[in-house]
Amino acid sequence: YSKDCAHCRESSKRLHEVERAHPEVSWVMVDTQDESNRVLWERLGVDEIPHFAFLDAGKELRRTEVGPISTDRAEAGIRSV
């Protein structure tokens, strides 16, 4: 995520509906402009934004979506974990 990224802001607004529908899911937004987050975004393989990583309860990466995300793709990501 970057506040300067139009696709990131657009996806963030769209995902609020999905977030409300899934209170059991922990949602984390990582600012790629904040250098203190580098270890995390490198671990998750973030090389372009927006980048969505779906991790299971054991924090294992199960699915990745890159680019603007639809609510359907976000729901599929949630189902994958």
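Treat the numbers as computed from the prediction; the structure is a model and nothing was measured. (Residues numbered from 1 in each chain as written. Predicted model: local features only at pLDDT ≥ 70, side-chain atom pairs only at ≥ 80, totals over all residues. Heavy atoms only, no water.)

(A) Quick peek at helix α3 (residues 71-80). Every buried residue of α3 is listed here: Ala74, Ala76, Gly77 and Ile78. Buried positions along α3 lie against α1 (6-21), β1 (51-55) and β2 (61-66). (Buried < 20%, exposed > 50% of the residue type's maximum accessible area, 1.4 Å probe, protein only. Helix = DSSP H or I, 4+ residues; strand = E, 2+ residues; numbered from the N terminus. Contact = heavy atoms within 4.5 Å.)

(B) Expanded view of the side chain of His22. Turning to its location among the elements, His22 is positioned in the loop between α1 and α2 (38-43). Looking at His22, its side chain comes within polar contact range of the side chain of Glu75, at 2.8 Å. Those residues in contact with His22 that lie beyond four places of it in its chain are Trp27, Glu75 and Ile78. (Polar contact = N/O pair within 3.5 Å; in protein donor to acceptor, adjacent residues only side chain to side chain.)

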